[in-house]
Amino acid sequence: MKKTLVLLFACLWLSTSLFVWLYPKQESSNEERRKLNQFPELSLDTIIDGTFSNKFESYTQDQFPYRFQMRQAKAQFRYYGLGIFENNDYYIDGQKIMKIEYPLKESEILKAKDKFETIKTMYFKDNDVYVSIIPDKSYYSQKQTIPTIDYEQMENLLLTDSNFEYIDIKDLLSKNDFYNTDIHWKQENIETVASTLLESMDKQVPEYTIKNTDTDFTGVYYGHSALLTSKDQINYIDYPALEEASVKLLDRDGLSVYDQQALSNRDQYDFFLYGPQAIVEIENKNATSEDEIIIFRDSFGSSLAPYFIDSYQKVTLIDIRYISSSVLDDYIDFNNQDVLFIYSGTVLNTSSMFK
Amino acid sequence: MVFSSLTFLFYFLPVVILAYFLLPYKNTVLLISSLLFYSWGEPKYILLMLLTVFINYICALKIIQNREHSKVYLVLALFFSLGALIIFKYADFLILSTNNLFNLNSSFLNLALPIGISFYTFQILTYTIDVYRDEVKVQRNFFTLLTYVSLFPQLIAGPIVRYSDVEKELEHRHSNYPMIFQGINRFVIGLSKKVIIANTLGEITQAFRLLEHPSVMMHWLYAIAFTLQLYYDFSGYSDMAIGLGKIFGFNFLENFNYPFMATSITDFWRRWHMSLGSFFRDYVYIPLGGSRVSKTRWIFNILVVWSLTGLWHGAAYNFLLWGLLFAILLMIEKFIKIDTKKHSVLRTIYVLFVVVLSFVIFDASSLSDMLNSLKNMLFITNTPLSDINTIYYSSHYLFVFIIAILGATPYVKTTYLKVLNRFSKNTQDIINFTLCLLGFIICVAMLVDSNFNPFLYFRF
């Protein structure tokens, strides 16, 4: 019997090894949203200095057959075998994949505050400037033993000795307002947030209908966590002004508000206003006012902005992670616009990326 | 390259196994594969290892040929082998100590530490010294000797295999299916200990190191996690080495024997890293006179051996203190003459307490860091007792701690064997095989998704 089992093990193992060597190599991973390591450069220099051997292990990990399924198996074993429900800093609460965001980095929040004040001083000396923070999804988790960012402290740091008008939206959300598999909130669930923000600026949310893209959506948390949960669907709000609005990016214009093309791409959330863009201008000639608004934002702003289009003739979205704040006046004519800084706590906690 | 890597499991080992069992020149296959294994991680310093082996090879031949001057050749072998170890491992520590002592400002050499130098140096010295003592026959074939030293199952992280233990097997060994079956089982057990338990516990130690102000209980959680991580990491690696050895027909000696069941520090060191302990006993302690000397000389011998044991683990003061701590406790135990038949539970608790604290010293990045940790653990500071991190790690990793603690006792194995013995031999083999396969698959899945996979004893 031992002979049979040894030979069986050897056959399984050797054939698996052969399969690993011959399995077609992948350029990138849709689930992890990144390029996968390829076979490293092989030369005498890279062998002697150890570069080849160092990179080879990363290559074997990235190119392992059914890598994503193996990662899911690991996540399941951690949960059911070891009793650890966290995997790579992600965990599941109900159906929602959450990320552990901790601790609060006070120096980063102060940097963000400095940046906002600098921008205000440069461009909006006399304007009312509104600030709002979007808590990360895990803030709403019911798992009490998970450490989360202290948002009260974040607010204190951002607002102490500042001229910003703060709009607190923490209590307007719950974990069900976020996608299962993504960091972002669901556009159809943030009417109260949009309404609160607009009302601060004497505006209102329009009447709209909710439409479905009829596309399964797996967000960024799905691939990174390898945890099992049900997929999402992207719904979006629609009203007549949205269909007539015209979107202009830095490199093209005459676009619609929603990017249907993105639904077949890797990052389906880019459906909302074309994803990561330095500057997006949305013009609506049929707006209920002639006012304009500038929203300094991260990706959450992409799904929030469509609520504003009805009330403003022009909505300008700026992401200062992709464009230096010192050159904004080369692109934008600053006058008496309403100004809103709205960022997720996660981005504020790493504000060193602001330019 | 480490055993717990996809490179080793699916690229290196399959080729070596096939070549070993299909080709006639088994030692040649082992030698070439071992040199490849070493140069994979250490292409530059393979020459140092080759030179060390060559010098010892020549010295051992000269010892036999020239008995009158055999001591000269022994000293030459020791001088070169230990000299290389001292230069690469301890030069900067000695420069730092000299700078501190004499207020100098000499610059450091910043030499990279060749992988496994502590292990292969001791290994080749066991050969040369045993030849000098006439305890083993000299090996006239350089390549056979090189195969022994460079043997990849135990080259970079032990156990320290003495030449005398494998002398016969180097020339005449055989693998049979029961041995290979045992070897595979042992290898997968070691791999599981390392990947499933040690790496998971390592998440706690890594998280602890990133915390700015850990609570008192977090310090304790880290200390226990690190102690268990070190055990599973190192004993897991030893299991893999022993398992691989069996597959190739070698019978390496055990390196761990349930050290956390020890009822005294003396007992602990008879169960933890046994190959290192026996090396220092046979090649340092006994030549110094052992315990058959005056009390003062005995104390000196203990202090020397344990200072060296500490420093073998690392070139820093905390390792020296770690070694000396054990020296003092061993001396106290010897003087007190504990009745080993009484209060075994209390004594085990005492051993565990000391061992956990000692590994905090072992892991400290500096003396001030060490003192800070110990003060926190002994409630000598105003640090809060607990915080959200403590709650998180203690609650979420509780089951892992339970598995790790139970697995560190012999009860899991004895219970498993009791249950297994209810079945026929064939069924037992099938159960073992199934569990082995399952363990292997789980380990592979964890390695595919792993960015954290160190071997803690790799740095020696």
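Parameters and conventions
- Every chain is numbered on its own, with residues counted from 1 as its sequence reads.
- Going through the entries in the order they are written, you letter the chains from A and number the ligands from 1.
- Where totals are concerned, whole chains, interfaces and linings use all residues; where local detail is concerned, this predicted model gives features only for residues with pLDDT of at least 70, and gives and counts side-chain atom pairs only at 80 or more.
- Only hydrogens and water are set aside; all other atoms, that is, all heavy atoms of the structure, feed into the side-chain values.
- Runs of H or I in DSSP of at least four residues are treated as helices and runs of E of at least two as strands, each being numbered from the N terminus.
- With C-alpha atoms as the basis for the radius of gyration, the globule rule is written as 2.2 Å multiplied by the number of residues raised to the power 0.38.
- Think of it in three bands: with a 1.4 Å probe and only protein chains considered, a residue is buried below 20% of the maximum accessible area for its type, exposed above 50%, and partly exposed in between.
- Contacts between residues were defined by any pair of non-hydrogen atoms, one from each residue, lying within 4.5 Å.
- Only the protein chains shown count as cover for residues, and all accessible areas are computed by the Shrake-Rupley method using a 1.4 Å probe.
- Only four residue types enter the tally: Lys and Arg on the positive side, Asp and Glu on the negative side; His and the chain ends are excluded.
- Lys charges are placed at NZ, Arg charges at CZ, Asp charges at CG and Glu charges at CD.
- Once two parts are brought into contact, the accessible area they lose, counted with a 1.4 Å probe and summed over both, makes up the buried area.
- Counted as salt bridges are all cases of a side-chain nitrogen of Lys or Arg within 4 Å of a carboxyl oxygen of Asp or Glu.
- Between N or O atoms, a polar contact is any pair within 3.5 Å; within protein, one atom must be a potential hydrogen donor and the other a potential acceptor, and residues adjacent in sequence are included only when both atoms are from side chains.
- Lys, Arg, Asp and Glu make up the charged group, whereas Ala, Val, Leu, Ile, Met, Phe, Trp, Tyr, Cys and Pro make up the nonpolar group; the residues left over, Gly among them, are polar.
- When DSSP finds two or more bridges between two strands, those strands count as paired.

Observations regarding the overall build of chain B
Alright, step 1. Within chain B, the secondary structure is distributed over 19 helices and 0 strands.
Alright, step 2. A compact globule built from 460 residues would reach a C-alpha radius of gyration of about 23 Å, and chain B, at 23 Å, matches this within 12%.
Alright, step 3. Burial statistics for chain B: of 460 residues in total, 56% are counted as buried.
Alright, step 4. Here the analysis covers contacts within chain B between residues at least 6 apart in sequence; of these, 75% occur between residues at least 24 apart.
Alright, step 5. In the structure as shown, chain B presents an accessible area of about 20,400 Å², 66% of it carried by carbon and sulfur atoms.
Alright, step 6. Within chain B, the 24 negative side-chain charges are centred at a point lying 8 Å from the centre of the 34 positive side-chain charges.

Some points on the interface of chain A and chain B
Alright, step 1. Taken together, the 47 residues of chain A in the interface contact 48 residues of chain B.
Alright, step 2. On the chain A side of the interface with chain B, the three residues burying the most area are Lys 2, Phe 9 and Trp 13 of chain A, jointly 16% of the side's total.
Alright, step 3. For the pair chain A and chain B, the number of links is 4 salt bridges.
Alright, step 4. A salt bridge links Glu 203 of chain B to Arg 78 of chain A; the shortest N-O distance between them is 2.9 Å.
Alright, step 5. Linking chain A with chain B are 14 residue pairs in polar contact (both at pLDDT 80 or more).
Alright, step 6. Here the side of chain A that touches chain B takes 14 residues from helix α1 (residues 2–22) of chain A, the largest share from any one element.
Alright, step 7. A per-class count over the side of chain A that touches chain B returns 27 nonpolar, 12 polar and 8 charged.

With respect to unusual backbone geometry
All names here are of chain A.
Alright, step 1. For the peptide bond that leads from Tyr 102 to Pro 103, omega is -5 degrees, which places it in the cis range.
Alright, step 2. Along the polypeptide, Pro 103 turns up in the loop between β5 (96–99) and α5 (106–123).
Alright, step 3. Phi is positive for Asp 214, which is not a glycine, with a value near 60 degrees.
Alright, step 4. Note that Asp 214 resides in strand β8 (residues 209–217).
Alright, step 5. On the basis of relative accessible area, Asp 214 is assigned to the exposed category, the value being 65%.

Regarding the pairing of strand β14 (residues 338–344) of chain A
Residue and element names in this part refer to chain A.
Alright, step 1. Taking burial as the measure, the 7 residues of β14 include 7 buried ones, the bulk of the element.
Alright, step 2. Neither face of β14 is exposed, since Asp 338, Leu 340, Ile 342 and Ser 344 on one face and Val 339, Phe 341 and Tyr 343 on the opposite face are all buried.
Alright, step 3. Here strand β6 (residues 129–134) runs beside β14; their pairing, made up of 6 bridges, is parallel. Among the inter-strand pairings, Tyr 130 is bridged to a residue of β14, identified as Leu 340.
Alright, step 4. Note that strand β12 (residues 292–297) and β14 share 5 bridges and pair parallel. Following the sheet pairing, Ile 294 is matched in β14 by Val 339.

Some words on the sheet that holds β5 of chain A
Residue and element names in this part refer to chain A.
Alright, step 1. The 3 strands are arranged β3-β4-β5 in an open sheet whose pairing can be described as antiparallel. Since the sheet does not close on itself, it has two edges, and those belong to β3 (86–87) and β5, each with one partner.
Alright, step 2. Pairing of β3 with strand β4 (residues 90–93) involves 2 bridges; the strand directions are antiparallel. Paired with Glu 86 across the strands is Tyr 91, a residue of β4.

With respect to the side chain of Thr 229 of chain A
Residue and element names in this part refer to chain A.
Alright, step 1. Structurally, Thr 229 is set in the loop between α8 (220–225) and β9 (232–238).
Alright, step 2. Judged by its relative accessible area of 17%, Thr 229 is buried.
Alright, step 3. Reaching out from Thr 229, the side chain makes a polar contact with the backbone oxygen of Gln 95 at a distance of 2.6 Å.

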